[in-house]
Amino acid sequence: MAEMMKKLAGKFLVIDGPDGAGKTTQINLLINHLAAGGLEVCKVRDPGGTAIGDKIRQILLDRQHEEMSVRCELMLYMASRAQLAHQVIRPALAAGRCVVGDRYISSTVAYQGAGGMDGREIQEAGRIAVGDTLPDLTVILNLPAETGLGRLKGAPDRMEAKAMEFHRRVRELFLQQAAQAPDRFAVVDAAGSVEEVQQRILAAIAKWIG
């Protein structure tokens, strides 16, 4: 375990996936595990994570903004991400901390891609926003859209409220990204108990470290 923690110092990990896949729970468990192993961890949320980013997040998820275009979504997500990378992620990595992110560019490729934007255009915008501040590993929690949305509690936000076909396409685009870059992505089955999923995530990270 000590060797694993040593190798994760200064690395950027992202947990991503469709709505209802259990990201928040799994991220918190992962951070607790890493911290218990003596690793300094920095948790970040995307969009948000800074005072500026949190205001952008409110705009993005507000259901009153139904008229927002997909391109406008893209630019707002990237603006929040640019500030997060500049203000939080880069300094944490430079200090040797392990950064664990709740979503990142992979989400924009999936969600705004499902909204009709070209994936290459999204990736180009991402490079402009964050430069080379990219995840070393992105873990995709894989779950059918119907199952994930059925897990959600409370009133859905603007993205969660979209049609089922949209969410199915989101899942497809997450899996497509992982298939195209297996050295930087890992797909984890998000079905089963919380403990089972956490063990799969740890196994995926351990395999990636090698």
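The text that follows walks through the structure, step by step, so that each part is easy to find. (Residues numbered from 1 in each chain as written. Predicted model: local features only at pLDDT ≥ 70, side-chain atom pairs only at ≥ 80, totals over all residues. Heavy atoms only, no water.)

### As for the nonpolar core
What counts here: Within this scheme, the nonpolar core is defined by two criteria: the residues are buried Ala, Val, Leu, Ile, Met, Phe, Trp, Tyr or Cys, and they are joined through side-chain atoms within 4.5 Å. Note on exposure labels: buried denotes an accessible area under 20% of the residue type's maximum, exposed denotes more than 50%, and partly exposed covers the range between, all computed with a 1.4 Å probe on protein chains only. Where helices and strands are cited, they refer to DSSP runs of H or I of at least four residues and of E of at least two residues respectively, numbered from the N terminus. The contact rule is simple, with two residues in contact once any of their heavy atoms fall within 4.5 Å.
Formed by 26 residues in total, the largest nonpolar core has its most connected members in Leu8, Leu34, Val100, Leu141, Ile201 and Ile205. For this core, the secondary-structure elements that each account for two or more residues are helix 1 (2-8), strand 1 (12-16), helix 2 (23-36), strand 3 (98-102), strand 4 (137-142), strand 5 (185-189) and helix 9 (194-209). The element best represented in this core is helix 9, accounting for 5 residues. In this structure Val100 touches Leu13, Ile27, Leu30, Ile31, Leu34, Val41, Cys42, Lys43 and Val44, once residues within four positions along its chain are discounted. Formed by 20 residues, the second largest nonpolar core is a distinct cluster that contains Val14, Val44, Leu74 and Met78.

### Some words on the packing of helix 3 (residues 51-61) against helix 4 (residues 70-94)
Worth spelling out the cut-off: Under this scheme, a helix contributes an axis fitted over its contacting stretch, all axes are lines through C-alpha atoms, and angles between N-to-C directions fall in the 0 to 180 degree range. Every angle not falling under 35 degrees, over 145, or within 65 to 115 is termed oblique; those three ranges are roughly parallel, roughly antiparallel and roughly perpendicular. Left-handed is the label given to a crossing in which the near helix is rotated counterclockwise from the far helix by less than a right angle, and right-handed is the label when the rotation is clockwise. Lys, Arg, Asp and Glu make up the charged group, whereas Ala, Val, Leu, Ile, Met, Phe, Trp, Tyr, Cys and Pro make up the nonpolar group; the residues left over, Gly among them, are polar.
With their axes 9 Å apart at the nearest point, helix 3 and helix 4 run at an angle of 160° to one another. By the criterion of interaxial angle, the relationship of helix 3 to helix 4 is roughly antiparallel. In the crossing of helix 3 with helix 4, the sense of the turn from one axis to the other is left-handed. Mapping the contact onto sequence places Ile52, Gly53, Ile56, Ile59, Leu60 and Leu61 in helix 3 and Glu73, Leu76, Tyr77, Ala79, Ser80 and Gln83 in helix 4. The residue inventory of the contact of helix 3 with helix 4, partitioned by class, reads 8 nonpolar, 3 polar and 1 charged.

### Section: unusual backbone geometry
In terms of backbone geometry, most residues other than glycine have negative phi values and most peptide bonds are trans. A cis geometry characterises the amide bond from Asp46 onward to Pro47, with omega recorded as 0°. You can see Pro47 is positioned in the loop between strand 2 (41-45) and helix 3. Its identity is not glycine, yet Arg103 carries a phi of approximately 75°, on the positive side. If you trace the backbone, Arg103 turns up in the loop between strand 3 and helix 5 (105-114).

### A few points about helix 8 (residues 164-180)
Put simply, the rule is: Here, expected helix span is obtained from the residue count minus one, scaled by 1.5 Å. The directions considered for the arc are those from the helix axis to the C-beta atoms.
For helix 8, with 17 residues, the first-to-last C-alpha span of 25 Å sits near the 24 Å given by 1.5 Å per residue. Every buried residue of helix 8 is listed here: Phe166, His167, Val170, Leu173, Phe174, Gln177 and Ala178. Buried residues along helix 8 cover an arc of 140° about the axis, so they all sit on one side. Pointing more than 90 degrees away from the buried face of helix 8 are the exposed residues Glu165, Ala179 and Gln180. Residues of helix 8 that are buried sit in contact with strand 1, helix 5, helix 6 (119-130), strand 4, helix 7 (145-151) and strand 5.

### Details of the pattern of salt bridges
Quick note on the threshold: By convention in these notes, a salt bridge is any Lys or Arg side-chain nitrogen within 4 Å of a carboxyl oxygen on Asp or Glu.
If you walk through the whole model with that rule in mind, you get 10 salt bridges. With its nearest N and O atoms 3.1 Å apart, the salt bridge here joins Glu165 to Arg168. Residue Glu165 and its partner Arg168 are located together in helix 8, separated by 3 residues, close to a single helical turn. Each member of the salt-bridge network shares a partner with another, and the members are Asp16, Asp19 and Arg103.

### Observations concerning the sheet that holds strand 2
Just so we agree on the cut-off: What makes two strands pair is DSSP finding at least two bridges between them.
Reading across the sheet, the 5 strands line up as 2-3-1-4-5 and stay open at both edges, with parallel pairing between neighbours. In the strand order of this sheet, the two ends are held by strand 2 and strand 5, each with one partner. Strand-to-strand, the axes of this sheet are offset by a mean angle of 20°, without reference to chain direction. Strand direction decides the pairing type here: strand 2 and strand 3, joined by 5 bridges, are parallel. Its bridge partner being in strand 3, Val44 is matched across the sheet by Gly101.

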